[in-house]
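The residues making up each chain are set out below.
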Amino acid sequence: MTSSFEEIGKLEEKLLAAQMPADLLEKAKAMIVRLDRLAKLGGQYANEYDAASRYIDWITNLPWDKRSDDVLDLENARKILHKNHFGLDEVKDKIIEYLAVLKLNKDNAQNENKFNRAPILMLVGLVGTGKTTLAYSIADAMNRKFVRIPFGGIGDALYLRGQSRAYPDAEPGAIIKALRQAGTKNPVILLDEIDRVADDARSTIMGVLVELLDPEQNSRYTDHFIDYPFNLSDVLFVATANNTTNISTAVLDRMEPIMMPSYTDEEKITIGRDYVLPKILKESGLTGDSLKIDSAIWTNIVRPLGFDAGIRTLERTINNMVRKVAIDVVSGKAKQVVLNEGNIKQYLPQ
């Protein structure tokens, strides 16, 4: 059975092996000294050890100095955006402009020992118009880690800010958790659907967002659990919203809104045929030859139940069709299914 002194020794080894600010290291060492004293004299050692070990686990696993190398190649970014998204040319142009500003500021920073960031992007549009996947593509193009923080239904600013260690079962907030998950201090963090927080917590959550997005404040962002400032100035925040009605003016002032247009039926046909169908066939274990669709019936597929601004309904419809084809293939009814005007109703949702 491991003795208390062996436990303390392992904690100290873990602490000394990590890279962190010197004054935070001294603070954590003081916790080790206190544990050692409690182990010798008795007292609330078990509770103190649990609290100290959780805290040291967090601070030793945060990326205080770890960062990924940015790739700010505009041609590469264009290729990734075009590969992952059909249309949206104006939106893509805005993102390329944004990356160009980042590159210029980074180049200038090397000469001036500072880094002025481009404005923070906020993608605004209806459900299914590609906001979240665009944020993924930005991270991919820049060679940065990507973490998503969902804001839908958040009812307490402590979800972002964390809880004080004075409370039992306290834990860090979503921002610190995102940094640990990313493992780098410069990830792309998606603040997803910031307009959908609970009404009674809106003002306090917007206050935290102002601090996150303001370059004058976020260089010393302090989570209540960690209780030590973390520099967020290298983080690239991207926000999404269905509309801006419920977002405070102070938050809007710190971002550059980009409107995501609704897809036309013609665009949906191309997206469904060239992007969604091949992806779902692959995920379902079917080959590209398992399902053929006559070009004349794509209109029925993109609008089976009425108009939808995004492609969520289209994805569900194609998924439903592919599953029915999978049943035919597995049961031996057919090796290949060809959808046409004569049989399409059997495969569409009713």
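The preceding data block contains the structure.
To start, this report covers the structure provided alongside it.

What counts and how
- Starting from 1, residues in each chain are numbered consecutively following that chain's sequence as written.
- Residues qualify for local features only when their pLDDT is at least 70, as the model is predicted, and side-chain atom pairs are given and counted only at 80 or more; totals for whole chains, interfaces and linings, by contrast, use all residues.
- Side-chain measures were taken over the full set of non-hydrogen atoms in the model, leaving aside hydrogen atoms and water.
- Among the buried residues, those of types Ala, Val, Leu, Ile, Met, Phe, Trp, Tyr and Cys that are joined through side-chain atoms within 4.5 Å form a nonpolar core.
- Using a 1.4 Å probe on the protein chains alone, a residue whose accessible area is under 20% of its type maximum counts as buried, one over 50% counts as exposed, and one in between counts as partly exposed.
- Residues count as neighbours in contact if any of their non-hydrogen atoms are within 4.5 Å of one another.
- Numbering of helices and strands runs from the N terminus; a helix is a DSSP stretch of H or I covering at least four residues, while a strand is a stretch of E covering at least two.
- Here, a strand pair is defined by DSSP locating no fewer than two bridges between the strands.
- The angle between two axes is taken between their N-to-C directions and runs from 0 to 180 degrees, where each axis is a line fitted to C-alpha atoms and a helix contributes only its stretch in contact.
- Should an angle fall under 35 degrees it is taken as roughly parallel, and over 145 as roughly antiparallel, whereas 65 to 115 is taken as roughly perpendicular and any remaining angle as oblique.
- We call a crossing left-handed when the near helix sits turned anticlockwise from the far one by less than a right angle, and right-handed when that turn is clockwise.
- Polar here means any residue outside two lists: the nonpolar Ala, Val, Leu, Ile, Met, Phe, Trp, Tyr, Cys and Pro, and the charged Asp, Glu, Lys and Arg; Gly therefore counts as polar.
- Only rings of Phe, Tyr and Trp enter the pairing, Trp through its six-membered ring, and a pair is recorded when the two centres are within 6.5 Å. The plane angle decides the type: under 30 degrees is stacked, over 60 is edge-to-face, the rest tilted.

1. A look at the nonpolar core
- With 62 residues, the main nonpolar core has F151, L191 and I194 as its most contacted residues.
- Not counting residues up to four positions away in its chain, the partners in contact with F151 are L160, L191, D192, E193, I194, R196, V197, I205 and L209.
- A141, F146, Y263 and L291 belong to the second-largest nonpolar core, a separate cluster that totals 51 residues.

2. Considerations on the pairing of strand β1 (residues 120-124)
- The element β1 is largely enclosed, with a buried count of five among its five residues.
- Side chains I120, M122 and V124 project from β1 onto one buried face, and the interleaved L121 and L123 project onto a second face that is buried too.
- Looking at chain direction, β1 and strand β7 (residues 255-259) are connected through five bridges and run parallel. By the bridge assignment for β7, I120 is matched with M255.

3. Points about the side chain of T60
- Secondary-structure assignment places T60 in helix α3 (residues 45-60).
- Once residues lying within four places of it in the same chain are set aside, the contact partners of T60 are K14, L15, A18 and M20.

4. Some remarks on the packing of helix α1 (residues 4-17) against α3
- The N-to-C vectors of α1 and α3 enclose an angle of 20 degrees; their axes lie 10 Å apart at closest approach. Judged by the angle between their axes, α1 and α3 are roughly parallel. Here the hand of the crossing between α1 and α3 comes out left-handed. Each of S4, E7, I8, L11, K14 and L15 in α1 lies in contact with α3, whose residues at this interface are Y45, Y49, S53, I56, D57, I59 and T60.
- Of the residues assigned to the contact of α1 with α3, the class counts are seven nonpolar, three polar and three charged.

5. Observations concerning the environment of T299
- Considering the arrangement of structural elements, one finds T299 in helix α12 (residues 298-302).
- T299 gets classed as partly exposed once you look at its relative accessible area, which sits at 46%.
- Placed 247 residues apart in sequence, T299 and A52 show a C-alpha to C-alpha distance of 61 Å.

6. Examining the packing of aromatic side chains
- In this structure the tally under the stated criterion is five aromatic pairs.
- Ring centres 5.9 Å apart and planes at 80 degrees place the aromatic pair W64 and Y228 in the edge-to-face group. Placement of the pair is W64 in the loop between α3 and α4 (74-84) and Y228 in the loop between β4 (221-222) and β5 (229-230), with a sequence separation of 164 residues. With respect to burial, W64 and Y228 carry one shared label: buried.
- Centre to centre, the rings of W64 and F230 are 4.9 Å apart; their planes meet at 35 degrees, and the pair counts as tilted. In this pair, W64 is assigned in the loop between α3 and α4 and F230 in strand β5, connecting sequence segments 166 residues apart.
- On the basis of relative accessible area, F230 is assigned to the buried category, the value being 2%.

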